[in-house]
Structures are given as C-alpha cells and as structure tokens.
Amino acid sequence: MQSPTPRVPRQLPAESRAEIETRLTVELAAVVAGARRRALRDGDRQIDTAHLLHSLLESDPGVRAAFDGPQVARVLGYLVQRSIGYGLRWQGATEHTGAVPLLPEADVPGWSPAAVAAMEGALERAGRRGDPRARGLDLLAGLAADHACRAVEVLTRAGVDAASLAARIGEPSQQV
C-alpha cells in the first residue's frame, strides 16, 4: 500500500506574498501584520507558524473559543517565553516542515515554508466554504494540520492535542 502523497504548496513567486495577503479578511490581515512585527522583534528573518499562532490567539476571539478552558493561557505562556528562552534555538533558522517537501521555488520572502503551507491550507479551506477570503479559524486549521510545524510543537508542549483541536474546529461547512 502506498502512503498518501503529501500536499505540495503551489509554486509561489516572490510577489505572491502580496497576492496571499489580498485573499485574507481584514482581521486575518491584521494577524499577519502582528506576526510580521513579532518576527522582526524576535530577530527572525521570517514569519513562522508560531508567530502566526501567537498573533491569532491575541487577536481573534473565534480562535480562542476553539480551545478548551485554560489551554489558551498555557499556549500563550509558551509563546511569550519564546523570546526569553523557549524557542531560541529557532532564531535564525528557517522553519522546515515534514508535511511538505522543501522546494526552493516555493520560497516566499519573509515567510517560512511551513507558514506558506498553513496559509495555503487556510485559503483552500475558505474556498471549500465558498469564501474567497480566509479567516482566523481557517488559518488555525492550517496550522493544526501540520504536525511537524513550530505552532504544533508549541501546542503540544502546552498540552493541546492538535488533532483534537482540528476536530473541534471541524470542516468549514460546519461553521456558522
């Protein structure tokens, strides 16, 4: 039996970062802007999935509601510690993911390959809902789907099961 082929991100030219960002709701565009500021402040060259998760949790009430009780506080605790110890090994390193092969052609300046894959997953999920713009829960689902990304590492360390989180989020057709 063959194993399923991993989803490969579209081949994105450098200018596609702006294209991606035009397909986001205003709220999700603000999340990306917050992640970009956080990456700069942390001394990182790229937005990674942990930056996106941190910004999502800080700004999107729908994303926070997807977690059980005190999980949000624990996840934010790990994310805050990133710049003072936890996560320092990530500084200056590109986030690679096991879910998609690393392809130089898929490089989007300012974004880690895993962050691009998560954002593409969010856009695909929005498309299944019939919406041309991705929302916060779409991005959270994209992050939770990649078990090798930094965001899922943070979730796991905080005691959050990414698979259970993805199940709580459900398919876009199940959302109000």
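As the structure is a prediction and not an experimental result, all values here were calculated from the model.

### Here we look at helix H7 (residues 136-144)
An α-helical turn contains 3.6 residues, so any two residues separated by three or four positions project in the same direction. Counting buried positions over the nine residues of H7 gives eight, a clear majority of the element. Residues of H7 that are buried include every one of Gly136, Asp138, Leu139, Leu140, Ala141, Gly142, Leu143 and Ala144, and no others. Next to the buried residues of H7 lie helix H2 (26-42), helix H3 (49-59), helix H4 (61-65), helix H6 (113-129), helix H8 (150-157) and helix H9 (162-169).

### Quick look at H3
Burial of H3 is extensive: nine of the 11 residues sit out of reach of the surface. Within the span of H3, buried status applies to Thr49, Ala50, His51, Leu52, Leu53, His54, Ser55, Leu56 and Leu57. Summarising the contacts, the buried residues of H3 are in contact with H2, H4, helix H5 (71-81), H6, H7 and H8. Capping the start of H3 is the job of one residue whose side-chain oxygen sits 2.9 Å from the backbone nitrogen of Ala50: Asp48.

### Concerning the pattern of salt bridges
Here the structure, examined in full by the defined rule, presents eight salt bridges. When the shortest N-O distance is used, the salt bridge between Asp138 and Arg125 registers 2.7 Å. Of this pair, Asp138 sits in helix H7 while Arg125 sits in helix H6, placing them 13 residues apart in sequence. With a relative accessible area of 1%, Asp138 lands in the buried category. When its relative accessible area of 3% is taken as the criterion, Arg125 is described as buried. Here Asp131 ties to Arg129 by a salt bridge, and the two come within 3.3 Å at their closest N and O atoms. Judged by relative accessible area, Asp131 falls into the buried class, the value being 19%. Of the residues examined, Arg129 reaches a relative accessible area of 21% and is grouped as partly exposed. Residues participating in the shared-partner salt-bridge network are Arg125, Arg129, Asp131, Arg135 and Asp138.

### Some points on the confidence of the model for the protein chain
Of the residues in the protein chain, 73% reach a pLDDT of 70 or more, and the chain-wide mean stands at 79. Looking over the protein chain, one finds the lowest element-wise mean pLDDT in helix H1 (residues 16-22), namely 73, and the highest in H7, namely 96. When the criterion is pLDDT under 50, residues 1-15 qualifies, and its contacts beyond four places in sequence or with other chains add up to 28 contacts. Every residue in residues 99-106 scores below 50 in pLDDT, and together they form 18 contacts with partners more than four places removed in sequence or on other chains.

Basis of the calculations
Residues numbered from 1 in each chain as written. Predicted model: local features only at pLDDT ≥ 70, side-chain atom pairs only at ≥ 80, totals over all residues. Heavy atoms only, no water. Buried < 20%, exposed > 50% of the residue type's maximum accessible area, 1.4 Å probe, protein only. Helix = DSSP H or I, 4+ residues; strand = E, 2+ residues; numbered from the N terminus. Contact = heavy atoms within 4.5 Å. Polar contact = N/O pair within 3.5 Å; in protein donor to acceptor, adjacent residues only side chain to side chain. Salt bridge = Lys/Arg side-chain N within 4 Å of Asp/Glu carboxyl O. pLDDT = per-residue confidence, 0-100.

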